[in-house]
Amino acid sequence: MKELNLRPQLDSLYPDLVEAVLYPEDRKGFLRRLSPGDKKAIIQILDKLSEHTPLLSGTYLSLGPPCPIMYQVKKLELESDKVLYCLWVCRDGGEPGDFPQDPSMHFQPEDYDAGPYSDHYTTLQQIGKGAFGCVKMGYRNEDGLLVITKFICKSKVYEEAWTFDAANNQRVPMEVHLLTTLKHPNIVEVLDVFENDHFYQVVMEKHGAGMDLFEFIDRSPHIDEGLASYMFRQVVSALTYLHSLNILHRDVKDENIILDQAFHVKLIDFGSAAVMEPGRVFTTFCGTLVYCSPEVLRGQGYRGPELEMWALGVTLYTLVFGENPWQDVEETMAAVLPNPPPSPVSPDLWDLLRSMLHPDPVRRCSLPRCAAHPWTNLPVKPGEYRLQDVINTGYDEPMCPGYDELCVQAMMSLCVQAIMSLCVQAMMRL
């Protein structure tokens with residue numbers, strides 16, 4: 001196991017760096033808490049570290065190939081003067097690095113597009129990566145419509161994440177089943193689903209220019225409570241719809257909420273979704289650590305809605321104040337909100353946040369109460385807001401990196417196809 005000699009210096013300069021490396025999904029949240037100077041320096045360090053083995057890592061030696069894992073150990077001193085050691089372990093969803101890998105996991109670019117998918121869509125470039133696969137932008141061949149395709153690797157889907165699809169009489173990942181059956185204006189829409197030997201290819205609409213709520217918050221938006229309420233109530237509406245079907249999203253966070261230029265938001269990424277059943281208690285946390293509630297961090301089981309409300313409360317807090325309510329596990333478990341708030345807010349908003357982030361899950365605000373809360377239903381005229389004013393951007397700035405280039409690629413590819421088709425037709429006439 002390679003041990004980097006940067007470790008002692010980094011531990012003394014940035015104590016939270018270990019968490020950022022161990023939990024790549026929380027890396028953006030970690031960077032948000034840094035000053036501009038530190039942020040630039042730490043990004044360079046993280047980029048360098050990403051080329052090596054994670055700072056803390058190990059392998060579980062089973063009968064099969066070694067399984068790379070990531071883990072974090074925390075020492076917590078409880079109010080009773082007892083000491084609790086917490087260990088979080090997850091599979092390493094990053095690059096292969098120095099760990100031996102199952103040869104079947106090494107896919108070529110053409111493996112993703114193989115099958116009927118490539119007859120209807122053309123992939124342009126990768127824009128994201130997760131535990132089960134990756135997300136790429138592309139376009140529909142017949143009309144050049146830009147789309148987002150999620151490639152779900154069949155061999156990486158956990159056994160408990162499969163379900164039986166009666167309509168197609170086969171087993172499919174829960175995420176595929178849900179995305180093809182859910183219909184709600186605030187949930188991403190699926191256009192097509194294909195599969196090949198290795199992947200499910202889930203083609204989704206490209207909502208707006210692809211900006212998620214994290215990027216929106218990271219741009220330090222000039223947002224008032226009316227607009228925040230308008231965006232928030234749409235997420236509440238999506239979750240209300242899901243819960244009415246006994247479905248838990250289980251990964252509510254700013255990165256899983258996308259918005260367009262009219263501030264119309266949609267919930268995405270159902271890779272951690274699960275079905276609620278009477279008496280069922282979950283024991284595994286599937287989301288991002290900074291959105292995990294105190295009782296789950298202590299190892300308690302959860303029914304689902306109470307954890308969903310906590311994550312929703314953290315999301316609202318971050319939207320309003322531009323920062324996470326707590327910076328580490330110890331602060332989260334204490335669940336003490338700042339008094340006064342980081343910036344002035346209305347009593348109704350502060351009341352809603354305090355009730356959603358109550359440390360006692362029994363006393364925590366429920367989703368129906370949240371939906372009926374006065375602040376959630378603030379009067380607002382969304383048409384009076386312009387995105388370029390709220391986030392200090394001009395009409396000429398693309399809403400996501402590479403957006404203009406992708407449009408050009410799509411149009412160029414279509415032109416080439418049209419020219420080739422005309423050439424073939426002309427040759428056939430000779």
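Not measured: the values here are computed from a predicted model.

Calculation notes
- Residues numbered from 1 in each chain as written.
- Predicted model: local features only at pLDDT ≥ 70, side-chain atom pairs only at ≥ 80, totals over all residues.
- Heavy atoms only, no water.
- Helix = DSSP H or I, 4+ residues; strand = E, 2+ residues; numbered from the N terminus.
- Expected span 1.5 Å × (residues − 1).
- Buried < 20%, exposed > 50% of the residue type's maximum accessible area, 1.4 Å probe, protein only.
- Polar contact = N/O pair within 3.5 Å; in protein donor to acceptor, adjacent residues only side chain to side chain.
- Pairing = 2+ DSSP bridges.
- Axes fitted to C-alpha atoms, helices over the stretch in contact; angles between N-to-C directions.
- UniProt positions renumbered as here; feature names shortened; annotations may be inferred.
- Contact = heavy atoms within 4.5 Å.
- pLDDT = per-residue confidence, 0-100.
- Core = buried A, V, L, I, M, F, W, Y, C linked by side-chain atoms within 4.5 Å.
- Parallel < 35°, antiparallel > 145°, perpendicular 65-115°, else oblique.
- Left-handed = near helix turned anticlockwise from the far one by under 90°.
- Nonpolar A, V, L, I, M, F, W, Y, C, P; charged D, E, K, R; others polar.

### Here's the deal with helix α9 (residues 225-244)
Working step 1: Between its first and last C-alpha, α9 extends 28 Å over 20 residues, near the 28 Å set by a 1.5 Å rise per residue.
Working step 2: Counted residue by residue, α9 has 14 buried out of 20 residues, so it is predominantly covered.
Working step 3: The backbone nitrogen of G226 has a side-chain oxygen 3.3 Å away, supplied by the residue at the start of α9, namely D224.

### Observations concerning the sheet that holds strand β5 (residues 133-140)
Working step 1: Taken in spatial order, the five strands of this open sheet run β4-β5-β6-β10-β9, and their pairing is antiparallel. Bordering the open sheet on either side are β4 (121-129) and β9 (190-195), each of which pairs with just one other strand. Direction aside, neighbouring strands of the sheet carry axes that sit 25 degrees apart on average.
Working step 2: With seven bridges joining them, β4 and β5 adopt antiparallel strand pairing. Looking at β5, one finds that Y121 is bridged to R140.

### Focus: unusual backbone geometry
Outside of glycine, negative phi angles account for most residues, and trans bonds account for most peptide bonds.
Working step 1: Note that the residue after N339, namely P340, is joined by a cis bond; omega there is 10 degrees.
Working step 2: For P340, the position within the fold is in the loop between α12 (329-334) and α13 (347-356).
Working step 3: With a phi angle near 65 degrees, F263 is a residue other than glycine that sits in the positive phi range.
Working step 4: Examined against the element boundaries, F263 turns out to sit in the loop between β13 (257-259) and β14 (265-267).
Working step 5: Even without being a glycine, D269 presents a positive backbone phi close to 60 degrees.
Working step 6: For D269, the position within the fold is in the loop between β14 and β15 (274-275).

### Some points on the UniProt feature "binding site: ATP" (unreviewed entry) in the chain
Working step 1: Listed under "binding site: ATP" (unreviewed entry) in the UniProt record, and renumbered for this structure, are K154.
Working step 2: Counting through the fold element by element, K154 comes out in the loop between β6 (146-153) and β7 (162-165).
Working step 3: In this structure K154 touches W162, E195, N196, D197, H198, F199 and Y200, once residues within four positions along its chain are discounted.

### Notes on the confidence of the model for the chain
In regions of low pLDDT, the predicted coordinates are not meant to be interpreted in detail.
Working step 1: With 67% of its residues at a pLDDT of 70 or more, the chain has an overall mean of 79.
Working step 2: Low pLDDT, under 50, characterises residues 1-27; the predicted model gives this stretch 61 contacts beyond four residues in sequence or across chains.
Working step 3: Confidence drops under pLDDT 50 across residues 92-104; counting only partners more than four residues distant or on other chains, this segment forms 22 contacts.

### A closer look at the pairing of β9
Working step 1: Bridging between β9 and strand β10 (residues 199-205) involves five bridges; their strand directions are antiparallel. The residue of β10 that forms the bridge with F194 is Q201.

### Examining the nonpolar core
Working step 1: Core analysis: the biggest nonpolar cluster contains 72 residues, and F216 and L312 have the highest contact counts within it.
Working step 2: Grouped together as the second largest cluster of nonpolar side chains are 12 residues, M276, L297, V329 and M333 included.

### Re the sheet that holds β13
Working step 1: Taken together, the three strands give an open sheet; going across it, the order is β11-β13-β14, and neighbouring strands pair in antiparallel fashion. At either margin of the open sheet sits one strand with a lone partner, and together these are β11 (211-212) and β14.
Working step 2: Both β11 and β13 contribute to a ladder of two bridges, which runs antiparallel. The partner of M211 across the bridge, within β13, is L259.

### Observations concerning the environment of M276
Working step 1: Structurally, M276 is set in the loop between β15 and α10 (294-297).
Working step 2: Classification of M276 by relative accessible area gives buried; the value is 16%.
Working step 3: A sequence separation of 29 residues divides M276 from I247, and the C-alpha atoms of the two residues are 5.9 Å apart.

### A short note on the packing of α9 against helix α11 (residues 305-321)
Working step 1: Where α9 meets α11, the closest approach of the two axes is 11 Å, and the angle between their N-to-C directions is 165 degrees. It follows from the interaxial angle that α9 and α11 lie roughly antiparallel. For the crossing formed where α9 meets α11, the hand is right-handed. Residue-level contacts link A228, F232, V235, V236, L239 and H243 of α9 to P305, E308, L312, L316 and L319 of α11.
Working step 2: For the contact of α9 with α11, the class distribution of residues is nine nonpolar, one polar and one charged.

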